[in-house]
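Notes for the structure review
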Amino acid sequence: MSFLSYLKNLDREKLKLRLYSTTRQEVERALISPEGSLDSLLALLSPAAEGFIEEMAQRSSALTRKRFGSNLGMYLPLYLSNLCANECDYCGFSMSNRLKRETLNQEQLDAEMAVIKKTGYDSILLVSGEHESKVGIDYFKTVLPRVKQHFSYLAMEVQPLKESEYSDLVDLGLDAVMIYQETYNPDTYAKHHTRGKKKDFAYRVGTPERVAKAGVDKIGIGVLLGLDDWRLDALLLGHHLSYLESRYWRSRYSVSLPRLRPCTGGITPKVELTDKGLVQLICAFRLFNEQLEISLSTRESAQLRDNLLGLGITNISAGSSTQPGGYVKPNTELNQFDISDERTALEVSKAIRARGFNPVWKDWETAWVRSGS
Ligand code: SF4
């Protein structure tokens with residue numbers, strides 16, 4: 001059964017009712033043996049669990065230490081293009097937004113990489129808008145070998161591709177794919193994605209399965225918190241994670257928990273997730289899955305990010321630019337969204353060390369994975 005069929009079989013209303021009628025006793029039970037249980041995840045995401053945040057935070061912190069030590073993975077997004085043939089009303093790159101469009105050529109790409117390398121990063125996330133003809137598989141096939149010469153770990157957050165295309169990119173050095181569903185509510189999804197291929201909910205929700213079948217080392221999934229009821233969307237994200245892990249166990253998994261941020265032509269969140277809610281969410285996922293990587297981007301403020309270190313976060317970006325060419329020549333007009341933590345990578349790494357953590361500038365060495373497989 002595909003995840004799409006699995007999702008269709010879930011009763012959203014029933015799950016929502018359970019989330020909002022969870023009792024304190026059910027949360028207490030979930031805290032005793034939470035790992036891997038979707039029922040426990042539901043309880044930990046419920047409003048009733050808000051009274052247990054302190055306990056959840058302590059357990060989450062201890063589990064994260066046990067599995068990841070004091071290490072914190074550092075990655076940086078490199079925007080290849082802001083061309084996009086979709087309309088997503090929360091994103092500055094939407095096709096109807098009037099902004100200068102740019103796609104990096106080889107020389108511009110080399111210049112961006114040279115600046116990034118000086119900061120110490122060895123793990124890179126290539127990002128682009130979704131434009132099939134101009135920033136599609138042919139473009140990626142020219143870019144990946146060039147980038148792989150300079151970075152040992154290469155992740156992509158671009159348009160959904162076919163399984164065979166992911167396989168081709170794995171051969172060229174692709175290590176990880178981030179593909180976010182934004183929301184698991186098909187009606188809300190349709191409301192926010194009004195033009196372009198991204199309108200196809202089914203194709204998008206099936207993408208992580210195609211990525212896994214292509215043998216990609218790490219798969220990142222996530223929702224854009226604020227588009228719909230965050231508790232239910234997070235619970236369905238947990239279902240998606242559980243579905244993938246049980247079938248495609250050779251891949252590693254990460255989740256990203258971004259909240260809506262201001263952007264050109266953007267919208268305000270329909271359902272606000274408070275800082276306390278974000279803490280609950282991070283801890284609930286850590287208690288649900290000890291192995292899971294959880295990343296936090298520069299969308300969040302410096303103070304909040306520093307305070308969240310050690311709770312369950314394993315990967316962060318720092319000194320990010322969200323525009324093509326932004327490391328060489330910053331131009332905020334081209335931004336996908338406004339960042340909140342504007343510190344440099346060096347400043348963030350100092351803050352990390354000051355809290356007793358160790359910033360790690362590279363991810364797993366893929367050669368080890370392949371030679372062991
Ligand atoms: S979210 Fe992605 S697909 Fe949608 S407009 Fe932005 S870049 Fe394009």
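Just so you know, these numbers come straight off a predicted model, no measurement behind them.

1. Points about the overall build of the protein
When you go through the protein residue by residue, the secondary structure sums to 16 helices and 11 strands. For the protein, the C-alpha atoms occupy an extent of roughly 60 × 45 × 45 Å along the three principal directions. When the 373 residues of the protein are sorted by exposure, 47% land in the buried category. In the protein, of all internal contacts separated by at least 6 residues, the share reaching a separation of at least 24 is 79%.

2. Quick look at the environment of Arg-355
Positionally, Arg-355 belongs in the loop between helix 15 (345–354) and strand 11 (358–360). Under the C-beta neighbour-count criterion, Arg-355 is labelled exposed, with 12 such atoms within 10 Å. Placed 319 residues apart in sequence, Arg-355 and Gly-36 show a C-alpha to C-alpha distance of 30 Å.

3. As for the pairing of strand 7 (residues 218–222)
Extensive coverage of strand 7 is indicated by the burial of 5 of its 5 residues. Every second residue of strand 7 is oriented toward a common face, with Lys-218, Gly-220 and Gly-222 on one face and Ile-219 and Ile-221 on the other, all of them buried. Of the strand pairs in this sheet, strand 5 (residues 176–178) and strand 7 are connected by 3 bridges, and their pairing is parallel. Looking across to strand 7, one finds that Ala-176 is bridged to Lys-218. Pairing of strand 7 with strand 8 (residues 252–256), which is carried by 5 bridges, proceeds in the parallel orientation. Looking across to strand 8, one finds that Gly-220 is bridged to Ser-254. In this fold, strand 7 hands off to helix 12 (residues 230–247), which returns the chain to strand 8; that crossover is right-handed.

4. Section: the pairing of strand 4 (residues 153–157)
Counting buried positions along strand 4 gives 4 out of 5 residues, so the element sits mostly inside the fold. Crossover connection from strand 3 (residues 123–128) via helix 7 (residues 137–148) to parallel strand 4: handedness right-handed. The sheet contact formed by strand 4 and strand 5 spans 2 bridges and is parallel. The residue bridging Ala-155 from the neighbouring strand is Ala-176, located in strand 5.

5. Looking at the packing of helix 4 (residues 38–45) against helix 12
With their axes 10 Å apart at the nearest point, helix 4 and helix 12 run at an angle of 155° to one another. Judged on the interaxial angle alone, helix 12 and helix 4 are roughly antiparallel. You can see that helix 4 and helix 12 cross each other, and the crossing is right-handed. Contact residues: helix 4 offers Leu-38, Leu-41, Leu-42 and Leu-45, while helix 12 offers Arg-231, Ala-234, Leu-235, Gly-238, His-239 and Ser-242. Looking at the contact of helix 4 with helix 12 residue by residue, the classes come out as 6 nonpolar, 3 polar and 1 charged.

6. Topic: the environment of Lys-197
Its place among the elements puts Lys-197 in the loop between strand 6 (193–195) and helix 10 (201–205). Leave out the neighbours within four places in its chain, and Lys-197 touches Asn-86, Glu-130 and Glu-132.

7. A few points about helix 13 (residues 275–288)
Along its 14 residues, helix 13 runs 20 Å from first to last C-alpha, staying within 8% of the 20 Å computed at 1.5 Å per residue. Among the 14 residues of helix 13, 11 are classified as buried, and the element is accordingly described as predominantly covered. On its buried face, helix 13 is in contact with helix 4, helix 5 (53–68), helix 12, strand 8, strand 9 (293–296) and helix 14 (302–308).

8. Focus on unusual backbone geometry
Positive phi, close to 75°, is recorded for Glu-182, a residue that is not glycine. For Glu-182, the location among the structural elements is in the loop between strand 5 and helix 9 (186–192). Take Glu-182: there are 23 C-beta atoms within 10 Å of it, and that puts it in the buried class.

9. Points about helix 6 (residues 106–119)
Taking 1.5 Å per residue as the helical rise, helix 6 with its 14 residues ought to reach 20 Å, and the 21 Å between its terminal C-alpha atoms agrees with that figure. Those residues of helix 6 that are buried are in contact with strand 1 (71–81) and helix 7. Count one or two residues on from helix 6 and you reach Gly-120, which has phi positive near 105°.

10. Topic: the packing of helix 2 (residues 12–21) against helix 12
The relative placement of two packed helices comes down to the angle between their axes together with the axis-to-axis distance. At a minimum axis distance of 10 Å, the contact between helix 2 and helix 12 shows a crossing angle of 115°. By the angle between their axes, helix 2 is roughly perpendicular relative to helix 12. Between helix 2 and helix 12 lies a crossing whose hand is right-handed. Between helix 2, through Arg-12, Leu-15, Lys-16 and Leu-19, and helix 12, the contact on the second element is made entirely by Arg-231, Leu-232 and Leu-235. Considering only residue class, the contact of helix 2 with helix 12 consists of 4 nonpolar, no polar and 3 charged.

11. So, the environment of Arg-252
Its place among the elements puts Arg-252 in strand 8. Note on Arg-252: 19 C-beta atoms within 10 Å, which makes it partly exposed. Sequence-wise, Arg-252 and Tyr-121 are 131 residues apart; in three dimensions their C-alpha atoms are separated by 21 Å.

12. Overview of the nonpolar core
In this structure, Leu-44, Ile-124, Val-177 and Ala-284 are the most contacted members of the largest nonpolar core, which totals 91 residues. Per-element accounting of this core gives the leading share, 8 residues, to helix 13. Beyond its immediate chain neighbours, meaning those up to four positions away, Val-177 contacts Ala-155, Met-156, Tyr-166, Val-211, Val-216, Ile-219 and Gly-220.

Analysis parameters
Residues numbered from 1 in each chain as written. Predicted model: local features only at pLDDT ≥ 70, side-chain atom pairs only at ≥ 80, totals over all residues. Helix = DSSP H or I, 4+ residues; strand = E, 2+ residues; numbered from the N terminus. Buried ≥ 20, exposed ≤ 12 C-beta atoms within 10 Å, placed from the backbone. Contact = placed C-beta atoms within 7 Å. Pairing = 2+ DSSP bridges. Right-handed = clockwise from strand over helix to strand, strands pointing away. Axes fitted to C-alpha atoms, helices over the stretch in contact; angles between N-to-C directions. Parallel < 35°, antiparallel > 145°, perpendicular 65-115°, else oblique. Left-handed = near helix turned anticlockwise from the far one by under 90°. Nonpolar A, V, L, I, M, F, W, Y, C, P; charged D, E, K, R; others polar. Expected span 1.5 Å × (residues − 1). Core = buried A, V, L, I, M, F, W, Y, C linked by C-beta atoms within 7 Å.

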